[in-house]
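# Results of the structural survey
Each chain, written out:
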Amino acid sequence: MDEAALWASLSDHPRIHRFLRACLSPKYIISAFHRYGDVSKYLKTHPYADRVALVRDIAAGMDFLHKRGGLHGDLKATNVLVDDGGKACISDFGLSEVRQESETISQALKKGKTDGPVTGTMRWMSPERLRGGSLDPKVDVYAFGMTCYEVRERNYSQ
């Protein structure tokens, strides 16, 4: 519920996925529906979308999050949704399932590949964080850079 409370306190920004309600029993969260899905899916069906505008939207959402004292900790294209107007909205504040597109840090810990109790998706994680460093805005900045690269470079039309 701490994560739901954080998300609820942030969802008044247009670049943050809109939180609607949470319930304790049974545990569930209701949020705004975005028919385009995440940025990765959106760019597959809209290969000529304005990628710079999407990155700018992500930057605006992350700036708002950081100014409010929040940290994302797992920013990547699959954790950014696209609204009906084609604008990016930061999502997944620790509430969604880990996607299978890459090895997660918890899987790496089980295999003995890293030290420390860290969470996130390895490919988007800063080297400092992989070594067990604390979650801070610099970690999100690194993930933002990886997300920019992901949005800019991936060939979604194939």
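Refer to the preceding data block for the structure.
A brief structural summary. In this text, all values refer to a predicted model and were calculated from it rather than measured experimentally.

Here we come to helix H3 (residues 51-67). Under the 1.5 Å per step criterion, the end-to-end length of H3 is 24 Å for 17 residues, consistent within 8% with the ideal 24 Å. Listed in full, the buried residues belonging to H3 are Arg51, Leu54, Val55, Asp57, Ile58, Gly61, Met62, Phe64 and Leu65. With its phi angle positive at about 85°, Gly69 sits one or two positions after the end of H3.

So, on to the side chain of Asp83. Mapping Asp83 onto the fold places it in the loop between strand S3 (80-82) and strand S4 (88-90). One polar contact links the side chain of Asp83 to the main-chain amide nitrogen of Lys87, over a distance of 2.8 Å. When near neighbours in sequence (up to four residues on either side) are disregarded, Asp83 contacts Arg15, His34, Tyr36 and Cys89.

In this structure, Val39 and Ile90 are the most contacted members of the largest nonpolar core, which totals 25 residues. Where this core is concerned, the elements lending two or more residues are helix H1 (2-10), helix H2 (39-45), H3, S3, S4 and helix H6 (137-153). Looking at this core element by element, the count peaks at six residues for H3. Aside from chain neighbours lying at most four places away, what touches Val39 is Leu54, Ala77, Val80, Val82 and Val151.

In this section: the environment of Asp140. Tracing the backbone shows Asp140 in helix H6. For Asp140, a relative accessible area of 1% gives the class buried. The sequence separation of Asp140 and Leu71 amounts to 69 residues, and the corresponding C-alpha distance is 7.0 Å. Beyond its immediate sequence surroundings of up to four residues, Asp140 is in contact with Met62, His66, Leu71, His72, Gly73 and Leu75.

Conventions adopted
Residues numbered from 1 in each chain as written. Predicted model: local features only at pLDDT ≥ 70, side-chain atom pairs only at ≥ 80, totals over all residues. Heavy atoms only, no water. Helix = DSSP H or I, 4+ residues; strand = E, 2+ residues; numbered from the N terminus. Expected span 1.5 Å × (residues − 1). Buried < 20%, exposed > 50% of the residue type's maximum accessible area, 1.4 Å probe, protein only. Polar contact = N/O pair within 3.5 Å; in protein donor to acceptor, adjacent residues only side chain to side chain. Contact = heavy atoms within 4.5 Å. Core = buried A, V, L, I, M, F, W, Y, C linked by side-chain atoms within 4.5 Å.

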